[in-house]
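Listed here are the chains, written in short residue letters.
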Amino acid sequence: MTAAADTPAMIEIAGLNKTYDSGFVALRNIDLTIRKGEILALLGPNGAGKTTLISTICGITVPSGGRVLVGGHDIETQPGKTRRIIGLVPQEINIEPFQTVWNAVRFSRGLFGLPPDPARIEEILKTLSLWDKKDEVVKALSGGMKRRVLIAKALSHEPQVLFLDEPTAGVDVELRKDMWRIVDALRDEGVTMILTTHYIEEAEAIADRVAIISKGRILLVEDKDTLMQSMGKRSMSLELASPLETVPQSLEAYGLELSANGLEVTYAFDTRAERTGIASLLRDMSEAGLSVRDIKTAQSSLEEIFVELVERDTGDDESPEAPAMRAEEPA
Amino acid sequence: MINMQAVRAIYAFEMARAFRTAMQSLISPVLSTSLYFVVFGAAIGGSIERIDGVSYGSFIVPGLIMLTVMTQSISNASFAIHFPKFLGSIYELLSAPVGVTEVVLGYVGAAATKSLIIGLIILATSTLFVPLEVAHPVAMAVLLVIICFAFSLFGFIIGIWAQNFEQLQIVPLLIITPLVFLGGSFYSISMLPPVWQAVSLFNPVVYLISAFRWSFFGAADVPIGLSVAAIAAFTALCIAAIWWIFKTGWRLKT
Ligand SMILES: Nc1ncnc2c1ncn2[C@@H]1O[C@H](COP(=O)(O)OP(=O)(O)O)[C@@H](O)[C@H]1O
Ligand SMILES: [Mg+2]
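Conventions adopted
Residues numbered from 1 in each chain as written. Chains lettered and ligands numbered in written order. Predicted model: local features only at pLDDT ≥ 70, side-chain atom pairs only at ≥ 80, totals over all residues. Heavy atoms only, no water. Helix = DSSP H or I, 4+ residues; strand = E, 2+ residues; numbered from the N terminus. Rg over C-alpha atoms; globule rule 2.2 N^0.38 Å. Buried < 20%, exposed > 50% of the residue type's maximum accessible area, 1.4 Å probe, protein only. Contact = heavy atoms within 4.5 Å. Areas by Shrake-Rupley, 256 points an atom, 1.4 Å probe, with all protein chains shown as cover. Lys, Arg positive; Asp, Glu negative; His and termini not counted. Charge placed at Lys NZ, Arg CZ, Asp CG, Glu CD. Donors = N, O, S within 2.8 Å, 3.2 Å for Na, K, Ca; no water. Pairing = 2+ DSSP bridges. Phe/Tyr/Trp six-rings, centres within 6.5 Å; stacked < 30°, edge-to-face > 60°. Lys NZ or Arg CZ within 6 Å of the ring centre and 35° of its normal. Axes fitted to C-alpha atoms, helices over the stretch in contact; angles between N-to-C directions. Near = heavy atom within 4 Å. Polar contact = N/O pair within 3.5 Å; in protein donor to acceptor, adjacent residues only side chain to side chain. Core = buried A, V, L, I, M, F, W, Y, C linked by side-chain atoms within 4.5 Å. pLDDT = per-residue confidence, 0-100.

## Observations regarding the overall build of chain B
- Within chain B, the regular secondary structure consists of 10 helices and 0 strands.
- Here the C-alpha atoms of chain B give a radius of gyration of 19 Å, agreeing with the 18 Å that 2.2 N^0.38 yields for 254 residues.
- In terms of principal-axis extent, the alpha carbons of chain B reach across some 60 × 40 × 35 Å.
- Out of the 254 residues belonging to chain B, those deemed buried represent 50%.
- Intrachain contacts of chain B at a sequence separation of at least 6 include 80% that bridge at least 24 residues.
- When the accessible surface of chain B is totalled, it reaches about 11200 Å², and 73% of it is carbon and sulfur.
- Put simply, chain B has 10 plus and 8 minus side-chain charges, and the middle of one group is 12 Å from the middle of the other.

Following this line, the structure appears as structure tokens:
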């Protein structure tokens, strides 16, 4: 389940920057702590820097500044220690085509310093429906099967931290299902997982926390449950016929917000609650002598929050301050 | 701590590739050397006088082995690292707990093993064509191993340096082949006019072939100590370069 805030950190990123040789700034001052055993969804549009962030932590891309600790070890000064515990399923299907599935997976296990364990590899291949393909040459496999081999390679060395870079982009339904089964099983084993996606539903479905990244900046990191709660919230704006100075005592229980000009009150409610309280609010308002001229409702979903955050983040060089998120704000 | 499992995995992977392509990796060098023997040894060699008291057919054996071993080492090692770079599958190597030691032992070790095997096969083949006695067998074996290793190191660097397959071919073709041919593979430096003898001393391959031929026939173009020093310096330089590449990620990491 959701890793508690006092769980030790698995990955600590502080002030991480990446400028590519071309001069392109792909990561801007990233600060992010990922706790042991949690599943973090890294959500962001194409080109946001998700792959760059992952590649940097894994040692494929050289950071331009900042520090990353994995399991308490610095990725630059103690790469042997950090890499041993990290598994990576890359976004692209990059795999040597002329070897058999079995050899490809066995190779990965050895490369990461573990002694051969045919039983373990058999188990992994079976979980991924690759067992009957074990003696086939990789190039003879379909794209989906190759992706399964990449997953098997990453799992073969029993990582404590697993990066899944857009694991379900363009994959078939079967693989998607298998993937979530595997993620669930790994979660039970206490494996820390970071997955990137631009599918919001995917983040919702499996993550404990969601980090939103855009133009190389982390805009928001939030527990998924908190986000989901705000997602279920709707707000209703009631336009009043005459301005109010304060909300009448009799309406206090509704937690109304009064606009600056006193002509509008906003009521937030949970659509999933048994009673939204709208009927009683309207009754109590009329009893308090307030006449309502107009009613507007708005719902904030994770999608809207996401779009709004990303769109608001237009500046390239201004302060990386994440905008405050207010669920009851009409989108 | 060396990650021995990784060394084993890389080495086994590379050797498996060699066995998959055993035919082409063995047949073509053996065939081309046999042709050299037929042409230079039997056909032309008869009309060339003995060099340092050795028949011409026998005289070219060390040079032929060197020629094959150097080009094979370079092509084996450069391809081994360039191919994953080209495919993108190198991400795994870069994200794995391996450093320069594991990589050199695994990739370069495998490439050197392959060219060593080919070198030995050519040596065996040559005895079918010409009489051969090895004056210093231990020195011969040691030199052969070191040269296979040194040129595999060099090939490995080329494989990382190359940004496409064209560049991968260019160095062996435009640099190594001329240096080997002009390095006394098929003649003794002492047969050249003094000016060209002096120029030849700038060709590093001269030192290798001279030392290797000395291990066969006991005669050398340049002092053996100088040869050994040159080979050691070349090997050290290559290792330093690979160490630097892995430290900085040059042409490997973005
Ligand atoms: N090797 C590179 N050189 C220059 N720019 C790069 C390189 N790799 C990625 N980029 C740029 O960095 C940005 C972030 O890329 P990436 O991390 O792949 O984004 P994402 O995975 O979120 O889609 C993109 O604009 C991309 O064009
Ligand atoms: Mg990406």
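Don't stop here, the text continues.
## Focus on the overall build of chain A
- Counting secondary structure elements, chain A contains 10 helices and 14 strands.
- Counting only residues that meet the buried cut, chain A has 50% of its 331 residues in that class.
- Sequence separation of at least 24 residues holds for 71% of the intrachain contacts in chain A that already meet a minimum separation of 6.
- Taken as a whole, chain A presents about 15200 Å² of accessible surface, with 49% of it coming from carbon and sulfur.

## Side note on the coordination of the magnesium ion (ligand 2)
Residue and element names in this part refer to chain A.
- The coordination sphere of the magnesium ion (ligand 2) contains the protein donors Thr51 (OG1) and Gln91 (OE1), at a distance range of 1.9 to 2.2 Å. In this pair, Thr51 sits in helix α1 (residues 50-58) while Gln91 sits in the loop between β6 (86-89) and α3 (101-111), placing the two residues 40 residues apart along the sequence.
- When its relative accessible area of 32% is taken as the criterion, Thr51 is described as partly exposed.

## Digging into the pairing of strand β10 (residues 217-223) of chain A
Residue and element names in this part refer to chain A.
- Of the strand pairs in this sheet, strand β9 (residues 209-214) and β10 are connected by 6 bridges, and their pairing is antiparallel. Pairing of Arg209 across the sheet is with Asp223, part of β10.
- Counting the residues that bridge the hairpin from β9 to β10 gives 2 residues, and of these Lys215 lies at a positive phi of roughly 50 degrees.

## Section: the packing of aromatic side chains
- Going through the model one piece at a time under the given rule, you end up with 19 aromatic pairs over all chains.
- The interplanar angle of 15 degrees and the centroid separation of 6.5 Å between the aromatic rings of Phe156 of chain B and Phe246 of chain B together place this pair among those described as stacked. Placement of Phe156 of chain B in helix α6 (residues 137-161) and of Phe246 of chain B in helix α10 (residues 224-248) is noted, with a sequence separation of 90 residues between them.
- Note on Phe156 of chain B: relative accessible area 0%, which makes it buried.
- With 5.9 Å between their ring centres and 50 degrees between their planes, Phe216 of chain B and Phe217 of chain B make a pair best called tilted.
- Grouping aromatic residues by their ring pairs yields a cluster made of Phe98 of chain A together with Phe79, Phe83, Phe86 and Phe165 of chain B.
- Lying over the aromatic face of Trp131 of chain A, Lys126 of chain A brings its terminal NZ or CZ to 4.9 Å of the ring centre.
- Its end group placed over the ring of Trp131 of chain A, Lys134 of chain A keeps NZ or CZ at 5.1 Å from the ring centre.

## Quick word on the sheet that holds β9 of chain A
Residue and element names in this part refer to chain A.
- Ordered by their spatial adjacency, 6 strands build an open sheet running β6-β7-β8-β3-β9-β10, and the pairing between neighbours is mixed. Two strands bound the open sheet, and with one partner strand each, they are β6 and β10. With strand direction ignored, the average angle separating the axes of adjacent strands in the sheet is 15 degrees.
- Two strands pair when backbone bridges link them, and strand β3 (residues 39-43) and strand β8 (residues 192-197) are joined in this way by 5 bridges, in the parallel orientation.

## Regarding the site of ligand 1
- As a matter of local geometry, ligand 1 sits amid 13 residues, with Gly47, Gly49, Lys50, Thr51 and Thr52 of chain A nearest to it.
- Ligand 1 is flanked by residues contributed from chains A and B.
- Backbone polar atom of Ala48 of chain A to an oxygen atom of ligand 1: 3.1 Å apart, as the coordinates give it.
- At a separation of 2.7 Å, an oxygen atom of ligand 1 approaches a polar side-chain atom of Thr51 of chain A.
- At 3 residues, α1 of chain A tops the list of elements feeding residues into the shell around ligand 1.

## Observations regarding unusual backbone geometry
All names here are of chain A.
- One non-glycine residue, Ser129, adopts positive backbone phi at about 55 degrees.
- When you line up the elements, Ser129 lands in the loop between α4 (118-127) and α5 (143-156).
- Relative accessible area serves as the criterion here: at 36%, Ser129 is assigned to the partly exposed category.
- In the Ramachandran plot, Glu158 falls in the positive-phi region, its phi being about 50 degrees despite a non-glycine side chain.
- Considering the arrangement of structural elements, one finds Glu158 in the loop between α5 and β7 (161-165).

## Points about the nonpolar core
- By size, the foremost hydrophobic cluster in this structure holds 92 residues, and its most contacted members are Ile11 and Phe163 of chain A together with Phe156 of chain B.
- Top contributing element to this core by residue count: α5 of chain A, with 7 residues.
- The residues touching Phe156 of chain B, leaving out its near neighbours within four places in the chain, are Ala77, Ser78, Ile81, Val103, Tyr107, Val108, Ile242 and Phe246 of chain B.
- Counting 40 residues, the second largest nonpolar core, distinct from the first, contains Leu64, Ile122, Met140 and Val171 of chain B.

## Focus on the environment of Tyr199 of chain A
Residue and element names in this part refer to chain A.
- Topologically, Tyr199 is positioned in the loop between β8 and α7 (200-206).
- For Tyr199, a relative accessible area of 30% translates into the label partly exposed.
- Expressed as a C-alpha distance, the spacing of Tyr199 and Pro45, which sit 154 residues apart in the sequence, is 9.4 Å.

## Some remarks on the confidence of the model for chain B
- Averaged over all residues, the pLDDT of chain B equals 90, while 99% of them reach at least 70.
- As scored by the predictor, the complex reaches a pTM of 0.85 and an ipTM of 0.91.

## With respect to the environment of Arg35 of chain A
Residues and elements named next belong to chain A.
- Looking at where Arg35 falls in the secondary structure, it is placed in strand β2 (residues 25-35).
- Relative accessible area serves as the criterion here: at 13%, Arg35 is assigned to the buried category.
- The spacing of Arg35 and Pro8 is 27 residues in sequence and 5.9 Å in space, taken between C-alpha atoms.

## A word on the side chain of Ser73 of chain B
Residue and element names in this part refer to chain B.
- Along the polypeptide, Ser73 turns up in helix α3 (residues 56-87).
- Residue class for Ser73 comes out buried when judged on its relative accessible area of 0%.
- Those residues in contact with Ser73, other than ones at most four positions away along the chain, are Ala111, Ser115, Cys148, Phe151 and Ser152.

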